[in-house]
Amino acid sequence: MKKMFRKAITVMLCVALFMSAVPMAFAADKDFTKPVHGEAKTASKAEKTLLDGVDVVLNALINGINALTHTPRSWEKETDYSKDGFTEGQTDFLDAPAANAVWSMGYARASITEGQDITDGKHYVAGSLSVTDKVVSKVYDEQFVRTIAMNDGSGRGTVVFCVIDGYGMSSTDVRAIRQELADFCAKNDVAAVNITVLHQHSAVDTFGMNGPLFSELLNPWRDLFGKKMVNGQNETYMRNLFDKTEQSVKEAVAAMKTGKLYFSTVDASAYVRDKRPAFVMDTDLNLFRFIPEDGSRQIWFSTYTAHCVGNGAGGTEVTADYPLYMEQTVNEEANADFMLFLGAEQGTSQVKDSIEGIEEAEKEELGGVKLYGKTLANLLIEKGEENAVEVAPLLNVAYKEVLFSISNPILTFAGKMGLVTNKVVRAGLCKYKVVSEIGYMELGNDLALAFVPGELAAELAYGGTLPASQSWSGEDWTYPTMQSQVGERQLLILGIMNDQVGYIIPGNDYMALLYGQNKSLELVALGKNTAAELSDAFGALVKECKAK
């Protein structure tokens, strides 16, 4: 009975949260740049009816529990919440570089674990929920925040990007860091600060959901009586993370030098796969190389879509996963600083089968992870200049606040239990929304970047959603792609940027919770309307930007 109770509680608290690393068959000859609809298995009408009916019952049960559970004091009314820490970006967009414009860029890197004893039994490992406390048992790698500062010389301000070794950062913490940097940004003409994570399933918990599970069940009582909720964040660790992130922003801005920026793409389709239909991915390593005029160390930054789950999702060892070993290789072999961004990486996994020496490497601790990172870095070093084009000194960026509705009662329950730290507002009787944001940036004459606050299904960006004959709902997805909303510019996605709202799934293929092919994504999605809300908001933002 006790075992069954524990399992039930685990399900209620999103046991499958962030468990997207489940293995499935891999076809080595698949073209990952195109949708492969033929591999999507469609449930029968009877099976869908049954499973949808079970969903109705489960949702009603959990909604009933939610209705009886204390709503956190911090959940303000939709009409009353503070917008502190949100920025709208630049007030005007340029169609061409300013006269005599030139790129300036700076880089900084700071350890967020140096001087911290994270094996003291008070630090938790993110990646998957566990009934037992996932306290850090071993540290393989130091954890860092890496920051670049960019300015196009137009006089409209510097734009900063921070990439943290961590599973997630909610907008609550992102906006708190921005507020602490407000005076610095005003004095140093910084137009925007962006913060994302590398989404390692083996990092110290910076999101909050991997704390002492059964203690967290008492959080509604704590909050009711004015006491602080318990979650997976360690206060000392987070304070140090804030300080080091802010320090890196200041150092990157101070280190800016003029130079030229180049963009190229490198085919990495042999090293990444998608686990869920419609099997659409950006399989390239998209590389930016900044070359300073004075001949000093270059700055490279890249986007890629493979999840950082090289050491599994359920362990208690801390590792920075393959991005760290990409960085080390680029540092040593190319004499360049390096940082990685994750793109539209929903449901993606690393593929190592074709890497020479992988079997031998995986006999050692993190051997496969290290070799995977080194292999990707060598791809950039060897092929990164082959199709490189110079990026004109033009940077336009703007943001739009979005309130995503929550229709998934499991996440409402998790929020009321204090497991997640996102900013939630009350939107009516037993109705809630997550306060988040999206961003749109133009680089040069040909590139556009979308800042997405979650794990995006790539087909929403590039097309290839499942047709009615194969989708769960039996309907087509009728919303425009993000690429079509942008127009002729090549679109890149920066995922989990400035918030983590979970998986963003095409609404026509939002599956029943108990259907195996869903890969547990629906358990940690806000609901089936999130993709539509994102599409509407992004389209509106792009139109507003074009009108500036």
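Small disclaimer: the values here were computed from a predicted structure and weren't measured.

A. Local environment of the overall build of the protein. The number of helices and strands found in the protein is 14 helices and 21 strands. Its C-alpha radius of gyration of 22 Å places the protein within 12% of the 24 Å reference for a compact globule of 548 residues. Oriented by its inertia axes, the alpha-carbon framework of the protein measures out at about 70 × 55 × 55 Å. In the protein, which comprises 548 residues, the proportion classed as buried is 59%. Taking all contacts inside the protein whose residues are at least 6 apart in sequence as the whole, residues at least 24 apart take part in 81%. When the accessible surface of the protein is summed, it comes to about 21200 Å², and 51% of that surface belongs to carbon and sulfur atoms. Placing the 51 positive and 71 negative side-chain charges of the protein at their respective mean positions leaves the two points 6 Å apart.

B. Inspection of helix H7 (residues 235-254) at higher detail. Spanning 20 residues, H7 covers 29 Å between terminal C-alpha atoms, matching the ideal 28 Å at 1.5 Å per step. Of the surrounding secondary structure, the elements contacted by the buried residues of H7 are strand S2 (103-111), strand S4 (144-151), strand S5 (158-164), helix H3 (171-180), helix H4 (182-187) and strand S6 (190-197).

C. Inspection of the pattern of salt bridges at higher detail. One pass over the structure, following the stated rule, counts 24 salt bridges. Where Lys-83 meets Glu-401, a salt bridge forms, and the shortest distance between an N and an O atom there is 3.5 Å. With Lys-83 in the loop between strand S1 (76-77) and S2 and Glu-401 in strand S15 (residues 395-405), this pair connects stretches of sequence that are 318 residues apart. Here Arg-175 ties to Glu-401 by a salt bridge, and the two come within 2.8 Å at their closest N and O atoms. One end of the pair, Arg-175, is in helix H3; the other, Glu-401, is in strand S15, with 226 residues separating them in the sequence. Neither residue differs from the other here; Arg-175 and Glu-401 are each classed as buried. Among the ionic contacts, a cluster of salt bridges with common partners joins Lys-83, Arg-175, Arg-178, Glu-401 and Glu-437.

D. Layout of the packing of helix H8 (residues 322-334) against helix H10 (residues 367-383). Where H8 meets H10, the closest approach of the two axes is 7 Å, and the angle between their N-to-C directions is 45 degrees. The angle between H8 and H10 places the two elements in the oblique class. Here H8 runs over H10; the crossing is right-handed. Between H8 and H10, the residues in contact are Tyr-322, Tyr-325, Met-326, Thr-329, Val-330, Glu-333 and Ala-334 and Val-369, Lys-370, Tyr-372, Gly-373, Lys-374, Leu-376, Ala-377, Asn-378, Leu-380 and Ile-381, respectively.

E. Region of the structure containing a nonpolar patch on the surface. Together, Leu-218, Trp-221, Leu-224 and Phe-225 line one region of the surface with nonpolar side chains, adding up to about 470 Å² of accessible area. Note on placement: Leu-224 falls in helix H6 (residues 219-224).

F. Looking closely at the nonpolar core. Counting residues in each nonpolar core, the largest one holds 62 residues, and the members touching the most others are Met-150, Phe-161, Tyr-304, Tyr-322, Leu-376 and Leu-443. Excluding residues that lie within four positions of it along the chain, Tyr-322 makes contacts with Tyr-304, Ala-306, His-307, Cys-308, Leu-340, Leu-342, Gln-350, Val-369, Tyr-372, Gly-373 and Leu-376. Judged by nonpolar contacts, the second largest core, of 40 residues, contains Leu-411, Ala-458, Leu-460 and Val-486.

G. Just the pairing of strand S17 (residues 432-443), in detail. Burial runs high along S17: eleven of the twelve residues are buried. By the bridge criterion, eleven bridges tie S15 to S17 in an arrangement that is antiparallel. When the bridges of S17 are listed, Ser-405 appears paired with Lys-433. Pairing of strand S16 (residues 424-426) with S17, which is carried by three bridges, proceeds in the antiparallel orientation. The residue of S17 that forms the bridge with Val-425 is Lys-433.

H. Focus on the side chain of Gln-90. By the element assignment, Gln-90 lies in the loop between S1 and S2. Not counting chain neighbours up to four residues away, the residues in contact with Gln-90 comprise Arg-156, Gly-157, Ala-191, Leu-395, Asn-396, Val-397 and Lys-548.

I. Representation of the packing of aromatic side chains within the structure. Within this structure, the stated rule accounts for 14 aromatic pairs. Ring geometry for Phe-161 versus Phe-451: centroids 5.7 Å apart, planes at 90 degrees, classification edge-to-face. Placement of the pair is Phe-161 in strand S5 and Phe-451 in strand S18 (residues 447-451), with a sequence separation of 290 residues. In this structure, Phe-161 and Phe-451 share a single accessibility class: buried. Note on Tyr-304 and Tyr-322: the rings are 6.2 Å apart at their centroids and 90 degrees apart in plane angle, and the pair reads as edge-to-face. One end of the pair, Tyr-304, is in strand S10 (residues 298-304); the other, Tyr-322, is in helix H8, and 18 residues separate them in sequence. Like Tyr-322, Tyr-304 is buried. Among the aromatic residues, those joined into a ring-pair cluster are Phe-161, Phe-263, Phe-288, Phe-301, Phe-341, Tyr-399 and Phe-451.

J. Quick peek at the pairing of strand S20 (residues 490-494). In terms of burial, S20 is a largely internal element, four of the five residues being buried. By the bridge criterion, five bridges tie S18 to S20 in an arrangement that is parallel. In the sheet register, Leu-447 faces S20, and the bridge partner there is Gln-490.

K. Representation of the packing of H3 against H7. Contact pair H3 / H7: the axes reach a minimum separation of 10 Å and the direction vectors enclose 50 degrees. The angle between H3 and H7 falls in the class oblique. For the crossing formed where H3 meets H7, the hand is right-handed. Residue-level inspection shows Asp-173, Ala-176, Ile-177 and Glu-180 of H3 in contact with H7, the latter providing Met-238, Arg-239, Leu-241, Phe-242, Thr-245 and Glu-246. Counted by class, the contact of H3 with H7 contains five nonpolar, one polar and four charged residues.

L. A look at unusual backbone geometry. For the bond from Pro-277 to Ala-278, the omega torsion is 20 degrees, close enough to zero to count as cis. Backbone geometry places Asp-321, a non-glycine residue, at a positive phi of 65 degrees. The exposure class assigned to Asp-321 is buried, which follows from its relative accessible area of 0%. Phi is positive for Ser-520, which is not a glycine, with a value near 70 degrees. Within the element layout of this structure, Ser-520 appears in the loop between strand S21 (503-504) and helix H14 (530-547).

M. How the structure looks around H8. Here H8 is 13 residues long and its end C-alpha atoms lie 17 Å apart, about the 18 Å a rise of 1.5 Å per residue gives. If you check which residues of H8 are buried, you get Tyr-322, Pro-323, Leu-324, Tyr-325, Met-326, Glu-327, Thr-329 and Val-330. Taken from the residues just after H8, Asn-335 is the one with a positive phi, measuring 50 degrees.

N. Region of interest: the environment of Lys-543. In this structure, Lys-543 sits in helix H14. On a C-alpha basis, the gap between Lys-543 and Lys-260 in space is 29 Å, while along the polypeptide they are 283 residues apart.

The rules behind these values
Residues numbered from 1 in each chain as written. Predicted model: local features only at pLDDT ≥ 70, side-chain atom pairs only at ≥ 80, totals over all residues. Heavy atoms only, no water. Helix = DSSP H or I, 4+ residues; strand = E, 2+ residues; numbered from the N terminus. Rg over C-alpha atoms; globule rule 2.2 N^0.38 Å. Buried < 20%, exposed > 50% of the residue type's maximum accessible area, 1.4 Å probe, protein only. Contact = heavy atoms within 4.5 Å. Areas by Shrake-Rupley, 256 points an atom, 1.4 Å probe, with all protein chains shown as cover. Lys, Arg positive; Asp, Glu negative; His and termini not counted. Charge placed at Lys NZ, Arg CZ, Asp CG, Glu CD. Expected span 1.5 Å × (residues − 1). Salt bridge = Lys/Arg side-chain N within 4 Å of Asp/Glu carboxyl O. Axes fitted to C-alpha atoms, helices over the stretch in contact; angles between N-to-C directions. Parallel < 35°, antiparallel > 145°, perpendicular 65-115°, else oblique. Left-handed = near helix turned anticlockwise from the far one by under 90°. Patch = residues over 30% accessible without salt bridge, like charges linked within 9 Å, V, L, I, M, F, W, Y side chains within 5 Å. Core = buried A, V, L, I, M, F, W, Y, C linked by side-chain atoms within 4.5 Å. Pairing = 2+ DSSP bridges. Phe/Tyr/Trp six-rings, centres within 6.5 Å; stacked < 30°, edge-to-face > 60°. Nonpolar A, V, L, I, M, F, W, Y, C, P; charged D, E, K, R; others polar.

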